[in-house]
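Structural overview
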Amino acid sequence: MPIDKKSRYAKVPIETVTGPHGEQRDLLALRPIPPTSGVFYTTPGPRDRLDLLAHRYFRDPTRFWKICDASDHLDPFDVMEIGEPLLIPPDK
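No experiment lies behind these values; they were computed from the predicted model shown. (Residues numbered from 1 in each chain as written. Predicted model: local features only at pLDDT ≥ 70, side-chain atom pairs only at ≥ 80, totals over all residues. Heavy atoms only, no water.)

As for the side chain of Asp-60
Checked against the element boundaries, Asp-60 lands in the loop between helix 1 (50-58) and helix 2 (64-70). Apart from residues lying up to four places away in sequence, Asp-60 is in contact with Ala-54 and His-55. (Helix = DSSP H or I, 4+ residues; strand = E, 2+ residues; numbered from the N terminus. Contact = heavy atoms within 4.5 Å.)

Next comes the structure, spelled out in C-alpha cells:
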C-alpha cells in the first residue's frame, strides 16, 4: 500500500522482518523525531484536543503529530493538560 507523500511516514524506510514461524513481512521502520522548533505557545482549554488544534493552526486535523513532535513530553495518546502552554510548530 503506497504511503501518501504528505504523511509523516513518507520518508521512513521499509524493513523486512522475519516472524517467529519464518514468515517475512515488510514493516515501516521507527520514525525518528527531528528537532522541531515552535512558532508560538497556545494554552489548551477544556474542549481542545490535538486534532482540533491542528485543524485550527494547520487547517488539517491529521497533522496533530506536528504538535506532538514540537513537545518533549507530549505523546499523541496522552491527554493534554488544560492551561499548560503547548508549543505550536510552523506549518511546513
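Observations regarding a nonpolar patch on the surface
There is a patch of nonpolar side chains on the surface, built from Ile-3, Ile-14 and Leu-28 and spanning about 260 Å² of accessible area. Tracing the backbone through its elements, the reader meets Ile-3 in the segment before strand 1 (14-18). For Ile-3, a relative accessible area of 37% puts it in the partly exposed group. (Patch = residues over 30% accessible without salt bridge, like charges linked within 9 Å, V, L, I, M, F, W, Y side chains within 5 Å. Areas by Shrake-Rupley, 256 points an atom, 1.4 Å probe, with all protein chains shown as cover. Salt bridge = Lys/Arg side-chain N within 4 Å of Asp/Glu carboxyl O. Buried < 20%, exposed > 50% of the residue type's maximum accessible area, 1.4 Å probe, protein only.)

Looking at the nonpolar core
Counting residues in hydrophobic clusters, the biggest one holds ten residues: Leu-50, Leu-53, Ala-54, Phe-58, Ile-67, Cys-68, Leu-74, Met-80, Leu-86 and Ile-88. At the level of secondary structure, the elements contributing two or more residues to this core comprise helix 1, helix 2 and strand 4 (86-88). When residues of this core are assigned to their parent elements, the largest contribution, four residues, is made by helix 1. The contacts of Ile-88, once residues within four sequence positions are left out, are Gly-38, Val-39, Phe-40, Thr-42, Tyr-57, Phe-58 and Ile-67. (Core = buried A, V, L, I, M, F, W, Y, C linked by side-chain atoms within 4.5 Å.)

Notes on the environment of Pro-44
Relative to the helices and strands, Pro-44 is located in the loop between strand 3 (40-42) and helix 1. Since its relative accessible area comes to 4%, Pro-44 is described here as buried. Setting aside chain neighbours within four positions, we find Pro-44 in contact with Met-80, Glu-81, Ile-82, Gly-83, Glu-84 and Leu-86.

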